[in-house]
Amino acid sequence: MTATAKVVNTSQQVVLDGGGLVTLSGGRKLQILYMDTCDKRQIWTTNHCINQEWPQLVVQNMTLEDGYSPVQQTPDTPYGGGGGGAIYAEGGQLKVVDSRFVGNRCYKNGPDLGGAAIRAISQYSQSPIYIIGDTFSGGVCSNGGALSSIHSSWDVINSVMTGNQAIGWGANPAKPHTPGGGSGGAIYNDGDNYDTTVAGSIIQGNTAREGGGAIFFVADNYQGALTINNSTLHDNPSGEFWTQGYPGIFFHSSGHPIVTNSTVS
């Protein structure tokens, strides 16, 4: 890529289908794909810029590699800013099918920025982001070595996440004299009123310098469920903290993670 591709809602549905033959590379310099329904080029259809039904973006049958988001977290960047080395999606709807994410990155520290591969914020009407049949490897970011979100639900189905890293340090909120970050080796979730489901998937060999070597899940208002079904989470070390009984997972919400027909070790 010589420039980041930007998706706007002049078309309600945008489908990018690589047919298994296309690789998009950010060359370790560029974010690959950007969608923000609060961007001035979008047309508002509701009274809140994030809660826009369109675009409905589908990315399928392609490889996105070596994307990079250099945006740092500052007091002026809400929700942590930055993140999404391959895909950044704020508002609208996102589905990713049968695609590969390899070696994507975002900025190395910050308490809440994240998503080496995908960063999502507040999808339309709390609809989930669908991750179906995808693989994520070699992603590196402050938080969320593969996926990161604020106020957004995920359905991760039949996917594989290996060798991703959350390398920030100081957690969230950042401890004194640290830049913050380091949680969610594969998946970082934060916010209110959201759920994450992992089904038929493998999350293995990911690392977090702070918490949640596999999954970091914090629902601040205790309204959120983490469900793991027919999946394997194995060898995802958490450097500083995790939830007792759930290696590789840090969970903060009501109840506990719902684990069925799965291995968490």
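Structure: above.
A few points on the structure. (Residues numbered from 1 in each chain as written. Predicted model: local features only at pLDDT ≥ 70, side-chain atom pairs only at ≥ 80, totals over all residues. Heavy atoms only, no water.)

**Points about the packing of aromatic side chains**
For any pair of aromatic rings, the description consists of the separation of the ring centres together with the inter-plane angle of the planes. Enumeration over the complete set of coordinates arrives at seven aromatic pairs. Between Phe216 and Phe250, the aromatic rings sit 5.5 Å apart at their centres with planes inclined by 25°, giving stacked as the arrangement. Here the residue Phe216 occupies a position in strand 22 (residues 215–218), and Phe250 occupies one in strand 25 (residues 249–252), the gap between them amounting to 34 residues. The class of Phe250 is partly exposed, set by a relative accessible area of 21%. Relative to Phe250, the ring of Phe241 has its centre 5.0 Å away and its plane inclined at 80°; by these criteria the two rings are edge-to-face. Judged by relative accessible area, which is 22%, Phe241 ranks as partly exposed. Three or more aromatic residues link up through ring pairs in this structure, and these residues are Tyr188, Phe216, Phe241 and Phe250. Here the guanidinium or amino end of Lys95 rests over the ring plane of Tyr130, the centre of that ring lying 5.7 Å away. (Phe/Tyr/Trp six-rings, centres within 6.5 Å; stacked < 30°, edge-to-face > 60°. Helix = DSSP H or I, 4+ residues; strand = E, 2+ residues; numbered from the N terminus. Buried < 20%, exposed > 50% of the residue type's maximum accessible area, 1.4 Å probe, protein only. Lys NZ or Arg CZ within 6 Å of the ring centre and 35° of its normal.)

**Details of the pattern of salt bridges**
One pass over the structure, following the stated rule, counts two salt bridges. Notably, a salt bridge pairs Asp66 with Arg28, separated by 3.7 Å at the nearest N-O pair. Of this pair, Asp66 sits in the loop between strand 4 (56–65) and strand 5 (68–69) while Arg28 sits in the loop between strand 2 (13–25) and strand 3 (33–36), and the two are 38 residues apart along the sequence. Judged by its relative accessible area of 64%, Arg28 falls in the exposed class. Among the salt bridges present, the one from Glu210 reaches Lys175, with a minimum N-O distance of 3.7 Å. (Salt bridge = Lys/Arg side-chain N within 4 Å of Asp/Glu carboxyl O.)

**A look at the pairing of strand 23 (residues 226–229)**
Burial along strand 23 is one-sided: Leu226 and Ile228 are buried, and none of Thr227 and Asn229, which face the opposite way, are. Both strand 19 (residues 196–199) and strand 23 contribute to a ladder of four bridges, which runs parallel. Looking across to strand 23, one finds that Val198 is bridged to Ile228. (Pairing = 2+ DSSP bridges.)

**Side note on the sheet that holds strand 1 (residues 5–7)**
The eight strands lie next to each other as 1-3-6-10-14-18-22-25, forming an open sheet whose pairing is parallel. Sheet topology places strand 1 and strand 25 at the edges, where each strand pairs with a single neighbour. The mean inter-strand angle of the sheet, taken between neighbouring strand axes irrespective of direction, is 10°. When strand 10 (residues 118–121) meets strand 14 (residues 147–150), the two strands line up parallel, connected through four bridges. When the sheet's bridge partners are listed, Ile118 is paired in strand 14 with Leu147. (Axes fitted to C-alpha atoms, helices over the stretch in contact; angles between N-to-C directions.)

**As for the nonpolar core**
Counting 42 residues, the largest nonpolar core has Ile87, Ile118, Leu147 and Ile215 as the members making the most contacts within it. When residues in this core are grouped by element, the largest group, four residues, is from strand 4. In contact with Ile118, other than residues within four places in its own chain, are Gly84, Ile87, Leu94, Val96, Phe101, Ile131, Phe136, Ala146, Leu147, Ser148 and Trp154. Counting residues in each nonpolar core, the second largest holds five residues, with Cys106, Tyr107, Leu113 and Cys141 among its members. (Core = buried A, V, L, I, M, F, W, Y, C linked by side-chain atoms within 4.5 Å. Contact = heavy atoms within 4.5 Å.)

**Some thoughts on the pairing of strand 4**
Summarising burial for strand 4: seven of the ten residues are buried, a large majority. Examined bridge by bridge, strand 2 and strand 4 share nine bridges and lie parallel to one another. Bridging across to strand 4, Leu16 finds its partner in Val59. Judged from the five bridges that link them, strand 4 and strand 7 (residues 93–97) form a sheet pairing that is parallel. Paired with Val58 across the bridge in strand 7 is Lys95. Two elements, strand 4 and strand 8 (residues 100–102), share three bridges in a ladder whose sense is parallel. If you follow Leu64 over to strand 8, its bridge partner there is Phe101.

**Quick look at unusual backbone geometry**
Negative phi is the rule for most residues except glycine; trans is the rule for most peptide bonds. Here the amide bond leading from Asn172 into Pro173 is cis, since omega sits at 0°, within 30 degrees of zero. Phi at Asn193 takes a positive value of approximately 55°, unusual for a residue other than glycine. Even without a glycine there, the phi angle at Tyr222 is positive, about 65°. Residue placement: Tyr222 occurs in the loop between strand 22 and strand 23. On the accessibility criterion, Tyr222 (42% relative accessible area) is partly exposed.

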